[in-house]
Amino acid sequence: MNPSSILFLLHEGYLNVRRNGLMTFAALGTVAVMLTVLGGSIWSVYRISEYAQHQPQTFNEVDAFMNTSSERDDTLAVMDRVKKLPDASVVHLVTREQAWQDITHQDPTLTESMPDDPLPDKLEIETRDAKNVQHLADLLRDKNAFPELEAVTDAGAEVRMMLAFARLVKLIGGGASLGLFIATMFIVYNTIRLTVFARRREIRIMQLVGATSWFIRIPLLLEGLFHGVVGAAVASIIVLFGGRHIAQFVEQLHSPLIGDVPTQATPLRVAACLILIGSFVGLTGSYLSIHRYLKHV
Amino acid sequence: MTSGAMIELKGVTVSYSADAPALKNADLCIERGEFVFIVGPTGAGKSTLLRLLYRGEKVTEGAISVAGYDLNTIANKDVPYFRRKIGIVFQDYGLLPNKTVWENIAFALRVTGAGRSETRRKVQDALEKVGMTHRPDALPGEISGGEQQRVAIARAIVNEPDLMLADEPTGNLDPDTSMGIVQLLKFINERGTTVLVATHDAPIVDSLQKRVVAIVDGSIVRDDERGLYRHQILAGKKGGAN
Ligand SMILES: Nc1ncnc2c1ncn2[C@@H]1O[C@H](COP(=O)(O)OP(=O)(O)OP(=O)(O)O)[C@@H](O)[C@H]1O
Ligand SMILES: [Mg+2]
């Protein structure tokens, strides 16, 4: 295809957009709103899972620390007894050596300054049911039953609630995102269908004078792409602007739960991701629409 | 099946539904460079035949080859290239109302990937052939029906086709204007293009005295080397023929 043809196709695509005036505007608005809600929910889900990952414990887990003076055999004995408790499902041993190594790996300066390994063996115990975390922790804290244990930690009630909430948001947000994704594609599909209908004379003539099907498709695909990309750009601005305000609000709560969790979702990445989704939706929606029409001619 | 002829039909039947076929068991051979009128009463199957020839329709039965392509086996991706060898003209002109005369003709070249300078040259050439150089920037709504049909013919010949198909090209025009259009088609034929015209218009058929193929109820009933519109068989159906 020569450069002059590319210019011609771009121009035809532009004519589509302009001729459809009001409809282009309506479609763009709808796509932008859809992508804003879609982007907003994907971003919230992502951000909440970042917070959740940042918590030291998952909400159905109890950590039990041995006395530093105890031997490995003691630890294994306690491990056996814990395993027999009805509330416990999986018990995982983190030895003091492993813990030391992990810390060395994460922060060498910290271990360098310590002459010896001061860490105790640790048991990570998963409960069969998140409801029983409190009960299990209380059992392990009983000094008569488990004198070898120095400390027992479980996720506090607030943390547990937040993590449960995060799970709920992920579930609902994930479902809603999928629904919105399909709905956005459907809107582009319909807009392009109207364009195709409005341009049926042009398309008919193109077919009769021997335009290849790609030559017929490209201007319409460009129109779909335009809807997707511009809609996504508008949505990015709204999501990033709204996101900043929410982040500021969360920060000023000074909640110890949330703390300062760094994010991988930089503004550039959020915008790029939305534009990618928008282009995909726009191209696919218009492709399906044209495909259906060209088949029926 | 391909042959040296421009058009070859062997035992071609087209059925749209379970009723009587629109074209039945038609045999027809048209050589390169011929000028042929297809005549017959309304509903006879003239438009069906023309649609078959540019593959706007497929045969239900039989063999068909046009411009060297076997239309029963042609791949979908080859159809656009086949169509570039054919110029098509309709009764309703089929011009794009929001493009100018010049743009309408150029459109046919541009959508087949032609460049700007080639387009400029060929559009000018086509406008000269049909005698429409005086108003290239007019919109179709601003010129007469006869002029619109000239523009449509310019668009059909701008790709320099081997074959030109015209379905009732004078159907919406007064007798004088019709005669002008037919003279133009004759001129195009004299420059080497095979021309097929489906028509109800007796005076134009009679004026040229070219080959006439008559269809009645989907069957070819007459094929005269140098014919007139009317004939015994058609005369019986005269009521439906005009
Ligand atoms: N798309 C279609 N679907 C079903 N039947 C059709 C279709 N097109 C044409 N027919 C039928 O096929 C027969 C031939 O129609 P065709 O249009 O070829 O006739 P024609 O000779 O061009 O008539 P006219 O002079 O009125 O244009 C008619 O009976 C018509 O009703
Ligand atoms: Mg007809």
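### Some thoughts on the packing of aromatic side chains
So, step 1. This model, assessed by the stated rule, comprises six aromatic pairs over all chains.
So, step 2. Between Tyr-69 of chain B and Phe-82 of chain B, the ring centres sit 5.2 Å apart and the planes meet at 65 degrees, which makes this aromatic pair edge-to-face. A residue pair is termed long-range when its members are at least 10 positions apart, and Tyr-69 of chain B in strand β5 (residues 69-70) and Phe-82 of chain B in helix α2 (residues 79-83) qualify at 13 residues.
So, step 3. By relative accessible area, which is 23% here, Tyr-69 of chain B ends up partly exposed.
So, step 4. Among the residues examined, Phe-82 of chain B registers a relative accessible area of 0% and is labelled buried.
So, step 5. By the ring-pair criterion, three or more aromatic residues cluster together here, those being Phe-8 and Phe-215 of chain A together with Phe-107 of chain B.
So, step 6. In this structure, Arg-200 of chain A packs its charged tip against the face of Phe-197 of chain A, placed 4.1 Å from the ring centre.
So, step 7. Directly above the aromatic system of Trp-214 of chain A lies the positively charged group of Arg-217 of chain A, at a separation of 4.9 Å from the ring centroid.

### Notes on the confidence of the model for chain B
All names here are of chain B.
So, step 1. Mean pLDDT over chain B works out to 90, with 94% of the residues at or above the 70 mark.
So, step 2. When mean pLDDT is taken per element in chain B, strand β7 (residues 163-167) scores highest with 97 and helix α9 (residues 238-241) scores lowest with 41.
So, step 3. Note that pLDDT drops below 50 for residues 232-242; the model gives that stretch 19 contacts with residues more than four away or on any other chain.
So, step 4. Complex prediction metrics read pTM 0.72 and ipTM 0.85.

### Remarks on the interface of chain A and chain B
So, step 1. Every contact between the two is made by 20 residues of chain A and, on the other side, 24 residues of chain B.
So, step 2. Between chain A and chain B lies a buried interface of about 1800 Å² when both sides are counted; carbon and sulfur atoms form 59% of it.
So, step 3. Broken down residue by residue, the surface that chain A buries against chain B is led by Ile-205, Leu-208 and Val-209 of chain A, which jointly contribute 31%.
So, step 4. Between the two partners, chain A and chain B, sit one salt bridge.
So, step 5. Residue Lys-99 of chain B pairs with Glu-12 of chain A through a salt bridge whose shortest N-O separation is 3.3 Å.
So, step 6. Elements that contribute at least two residues to the side of chain A that touches chain B include exactly α1 (3-19) and α8 (200-208) of chain A.

### Let's talk about the site of ligand 1
Residues and elements named next belong to chain B.
So, step 1. For ligand 1, the set of nearby residues contains 13 residues, the closest of which are Thr-42, Gly-43, Lys-46, Ser-47 and Thr-48.
So, step 2. Between ligand 1 and Ser-47, the relevant distance is 2.7 Å, taken from an oxygen atom to a side-chain nitrogen or oxygen of the residue.
So, step 3. Between ligand 1 and His-200, the relevant distance is 3.1 Å, taken from an oxygen atom to a side-chain nitrogen or oxygen of the residue.
So, step 4. When isolated, ligand 1 has an accessible area of 630 Å², and the protein chains bury 57% of it.
So, step 5. Residues that form the shell around ligand 1 fall into these classes: four nonpolar, six polar and three charged.

### Some thoughts on the sheet that holds strand β2 (residues 88-94) of chain A
Residues and elements named next belong to chain A.
So, step 1. In space, the four strands of this open sheet follow the order β2-β3-β1-β4, with antiparallel pairing throughout. The strands lining the two open edges of the sheet, one partner per strand, are β2 and β4 (149-154). The sheet shows a mean angle of 20 degrees between the axes of neighbouring strands, taken without regard to direction.
So, step 2. Across five bridges, the pairing between strand β1 (residues 61-66) and strand β3 (residues 122-127) is antiparallel. Bridging across to β3, Glu-61 finds its partner in Glu-126.
So, step 3. In this fold helix α6 (residues 133-141) packs onto β1, β3 and β4, with an angle of close to 170 degrees to the strand it touches most, β4.

### Observations regarding the nonpolar core
So, step 1. In terms of nonpolar packing, the biggest core is built from 77 residues, with Phe-37, Ile-105, Val-111, Ile-153 and Met-164 of chain B touching the most fellow members.
So, step 2. The biggest single contributor to this core is helix α9 (residues 213-252) of chain A, with seven residues.
So, step 3. Ignoring any residue separated from it by four or fewer positions in sequence, one finds Met-164 of chain B in contact with Gly-87, Val-89, Ile-153, Ala-156, Ile-157, Leu-185, Ile-188, Thr-193, Thr-194, Val-195 and Leu-196 of chain B.
So, step 4. Within the second largest apolar cluster, 34 residues are counted, among which are Val-36, Val-79, Leu-165 and Ala-198 of chain B.

### What about the domain arrangement of chain B?
How big an interface is tends to be stated in terms of the accessible area lost upon association of its parts.
Residue and element names in this part refer to chain B.
So, step 1. Here the domain parsing of chain B yields domain 1 (1-85 + 161-242) and domain 2 (92-160).
So, step 2. Each of domain 1 and domain 2 has a C-alpha centre, and these two points are 24 Å apart.
So, step 3. Every contact between the two is made by 15 residues of domain 1 and, on the other side, 14 residues of domain 2.
So, step 4. Summed over both sides, the interface of domain 1 with domain 2 buries roughly 1200 Å², with 68% coming from carbon and sulfur.
So, step 5. Contact with domain 2 buries surface across domain 1, with Arg-84, Pro-161 and Leu-184 losing the most and accounting together for 41% of the total.
So, step 6. Along the contact surface separating domain 1 from domain 2 lie zero salt bridges.
So, step 7. Where domain 1 touches domain 2, the interface holds one residue pair in polar contact (both at pLDDT 80 or more).
So, step 8. Residue contributions to the side of domain 1 that touches domain 2 peak at seven residues, all from helix α6 (residues 175-190).
So, step 9. Its residues assigned to classes, the side of domain 1 that touches domain 2 comprises nine nonpolar, three polar and three charged.

Definitions and limits used
- Residues numbered from 1 in each chain as written.
- Chains lettered and ligands numbered in written order.
- Predicted model: local features only at pLDDT ≥ 70, side-chain atom pairs only at ≥ 80, totals over all residues.
- Heavy atoms only, no water.
- Phe/Tyr/Trp six-rings, centres within 6.5 Å; stacked < 30°, edge-to-face > 60°.
- Helix = DSSP H or I, 4+ residues; strand = E, 2+ residues; numbered from the N terminus.
- Buried < 20%, exposed > 50% of the residue type's maximum accessible area, 1.4 Å probe, protein only.
- Lys NZ or Arg CZ within 6 Å of the ring centre and 35° of its normal.
- pLDDT = per-residue confidence, 0-100.
- Contact = heavy atoms within 4.5 Å.
- Buried area = accessible area lost by both parts, 1.4 Å probe.
- Salt bridge = Lys/Arg side-chain N within 4 Å of Asp/Glu carboxyl O.
- Near = heavy atom within 4 Å.
- Polar contact = N/O pair within 3.5 Å; in protein donor to acceptor, adjacent residues only side chain to side chain.
- Areas by Shrake-Rupley, 256 points an atom, 1.4 Å probe, with all protein chains shown as cover.
- Nonpolar A, V, L, I, M, F, W, Y, C, P; charged D, E, K, R; others polar.
- Pairing = 2+ DSSP bridges.
- Axes fitted to C-alpha atoms, helices over the stretch in contact; angles between N-to-C directions.
- Core = buried A, V, L, I, M, F, W, Y, C linked by side-chain atoms within 4.5 Å.
- Domains from an automatic or database assignment.

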